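These are the residues of each chain, in order.
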Amino acid sequence: MDKLERATKIMMLVVGCVGLAVIYFGFFYLLFTGKSTAAIPWYILLSPWVCIYFGLSRHKQIGVINWFVNKFRRKS
C-alpha cells in the first residue's frame with residue numbers, strides 16, 4: 001500500500017504542476033491580450049494548488065497549514 005500511496009502523491013504533484021502551468025498561462029494570455037476572463041471561475045485558478053497540497057508529504061502539509069495560520073493571524 002505504501003507504493004500505491006507514494007505513486008498517487010507523485011501523480012498529484014505532477015498533475016498539479018502541469019495544471020498550474022496550463023491554467024495560469026492561459027489566464028494570463030487572456031488577460032494580456034485584452035480578452036474577457038469572466039468565463040473562468042475563481043475556483044479553477046485554485047484547483048491546481050489543491051492537487052499540489054495533497055501531493056505533499058504529511059510533514060509538508062502541516063507546514064503549509066502552519067504558514068497560513070501564521071500569515072493570517074492577527075498580530076497584537
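Residues numbered from 1 in each chain as written. Predicted model: local features only at pLDDT ≥ 70, side-chain atom pairs only at ≥ 80, totals over all residues. Heavy atoms only, no water.

Asks: Go over the UniProt feature "transmembrane region" (unreviewed entry) in the protein with me, naming the residues and quoting the values.
Replies: Feature annotation in UniProt assigns "transmembrane region" (unreviewed entry) to the following positions: residues 12-32 and 38-56. Annotated as 100% helix and 0% strand, the span residues 12-32 places its first and last C-alpha atoms 29 Å apart. (UniProt positions renumbered as here; feature names shortened; annotations may be inferred. Helix = DSSP H or I, 4+ residues; strand = E, 2+ residues; numbered from the N terminus.)

Asks: Which residues make up a nonpolar patch on the surface, and what are the values?
Replies: Together, Ile10, Met11, Val14, Val15, Val18 and Val22 line one region of the surface with nonpolar side chains, adding up to about 530 Å² of accessible area. When you line up the elements, Val22 lands in helix 1 (residues 2-33). (Patch = residues over 30% accessible without salt bridge, like charges linked within 9 Å, V, L, I, M, F, W, Y side chains within 5 Å. Areas by Shrake-Rupley, 256 points an atom, 1.4 Å probe, with all protein chains shown as cover. Salt bridge = Lys/Arg side-chain N within 4 Å of Asp/Glu carboxyl O.)

Asks: Outline the packing of helix 1 against helix 2 (residues 42-55), listing residues and values.
Replies: Relative orientation of the contacting elements helix 1 and helix 2 amounts to 160°, with a least axis distance of 7 Å. Considering their axes alone, helix 1 and helix 2 lie roughly antiparallel with respect to each other. Considering only the axes of helix 1 and helix 2, their crossing is left-handed. Here helix 1 contributes Lys9, Met12, Leu13, Val15, Gly16, Cys17, Gly19, Leu20, Ile23, Tyr24 and Phe27 to the contact with helix 2, which in turn contributes Ile44, Leu45, Ser47, Pro48, Trp49, Cys51, Ile52, Phe54 and Gly55. For the contact of helix 1 with helix 2, a count of residues per class yields 15 nonpolar, four polar and one charged. (Axes fitted to C-alpha atoms, helices over the stretch in contact; angles between N-to-C directions. Parallel < 35°, antiparallel > 145°, perpendicular 65-115°, else oblique. Left-handed = near helix turned anticlockwise from the far one by under 90°. Contact = heavy atoms within 4.5 Å. Nonpolar A, V, L, I, M, F, W, Y, C, P; charged D, E, K, R; others polar.)

Asks: I'd like a rundown of the packing of aromatic side chains, residues and numbers included.
Replies: Taken as a whole and judged by the stated rule, the model has seven aromatic pairs. An angle of 40° between the planes, with centres 6.3 Å apart, marks the rings of Tyr24 and Phe28 as tilted. Of the two residues, Tyr24 and Phe28 are both situated in helix 1; the distance of four residues between them amounts to about one turn of the helix. Here Tyr24 falls in the partly exposed class, since its relative accessible area comes to 23%. (Phe/Tyr/Trp six-rings, centres within 6.5 Å; stacked < 30°, edge-to-face > 60°. Buried < 20%, exposed > 50% of the residue type's maximum accessible area, 1.4 Å probe, protein only.)

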